[in-house]
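Structural overview for review
Here's the letter readout for the chains.
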Amino acid sequence: MAWVMLFVAGLFECAWAVGLKYSEGFTRPVPSALTVAAMLVSFWLLSIAMKSVPVGTAYAVWTGIGAAGVAVAGMLLFDESRDLARIFCIFLIIAGVAGLRFLPGK
């Protein structure tokens, strides 16, 4: 269950990172409130996951999900570059996150 919480925390990290763009520097009230709410949920779920998942692994997975997710969101929502090298680098982040989850370790 901790890994599910960690994954959902990573999704909320994506939400708040994209929300920062929509909040326009916290000048728009609704996107700003939703961004702060997503931050709180993300950190709360991360803290719950860290009860069972080692801190280094949990943080790396959380930030990896956020980094890859926001990069993909940027491509879809903000017409950011979709060149092959960029997509390959996102794949490397995902592979690293998967490795932390599925390779043996503490």
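Before reading further, recall that the structure is shown in the block above.
Predicted model only: the values in this text are computed from it and were never measured. (Residues numbered from 1 in each chain as written. Predicted model: local features only at pLDDT ≥ 70, side-chain atom pairs only at ≥ 80, totals over all residues. Heavy atoms only, no water.)

1. Here we look at helix α1 (residues 2-23)
What counts is decided by this rule: In this text, helices come from DSSP runs of H or I with a minimum length of four residues, and strands from runs of E with a minimum of two, each type numbered from the N-terminal end. To estimate how far a helix should extend, the number of its residues minus one is multiplied by 1.5 Å. Working definition: with a 1.4 Å probe on protein chains only, accessible area under 20% of the residue-type maximum means buried, over 50% means exposed, and in between means partly exposed. We call two residues in contact when some of their heavy atoms are within 4.5 Å.
For α1, built from 22 residues, the straight-helix expectation of 32 Å at 1.5 Å per residue is met to within 8% by its first-to-last C-alpha distance of 30 Å. Among the residues of α1, those classed as buried are Ala-2, Leu-6, Ala-9, Gly-10, Glu-13, Cys-14, Trp-16, Val-18, Gly-19 and Ser-23. Residues of α1 that are buried in the fold lie against α2 (29-49) and α3 (55-78). Downstream of α1 by a residue or two, Glu-24 has a phi angle that is positive, lying close to 50 degrees.

2. Section: the environment of Gly-99
Relative to the helices and strands, Gly-99 resides in helix α4 (residues 84-102). According to the relative accessible area criterion, Gly-99 is partly exposed, its value standing at 21%.

3. Details of the packing of aromatic side chains
Threshold: Stacked, tilted and edge-to-face pairs are distinguished by plane angle, under 30 degrees for stacked and over 60 for edge-to-face with tilted covering the rest, among Phe, Tyr and Trp rings (Trp via its six-membered ring) whose centres lie within 6.5 Å. For a Lys NZ or an Arg CZ to count as sitting over a ring, it must be within 6 Å of the ring centre and within 35 degrees of the ring normal.
If you walk through the whole model with that rule in mind, you get five aromatic pairs. Taking the centre distance of 5.5 Å and the plane angle of 45 degrees together, the rings of Tyr-22 and Phe-78 count as tilted. Here Tyr-22, found in helix α1, pairs with Phe-78, found in helix α3; they are 56 residues apart in sequence, far enough to count as distant. With 5.7 Å between their ring centres and 45 degrees between their planes, Tyr-59 and Trp-62 make a pair best called tilted. With Tyr-59 and Trp-62 both in helix α3 and three residues apart, this pair spans about one turn of that helix. Connected via pairs of aromatic rings, a cluster forms that spans Trp-16, Phe-43, Tyr-59 and Trp-62. Over the ring of Phe-78 we find Lys-21, and its NZ or CZ is 5.6 Å from the ring centre.

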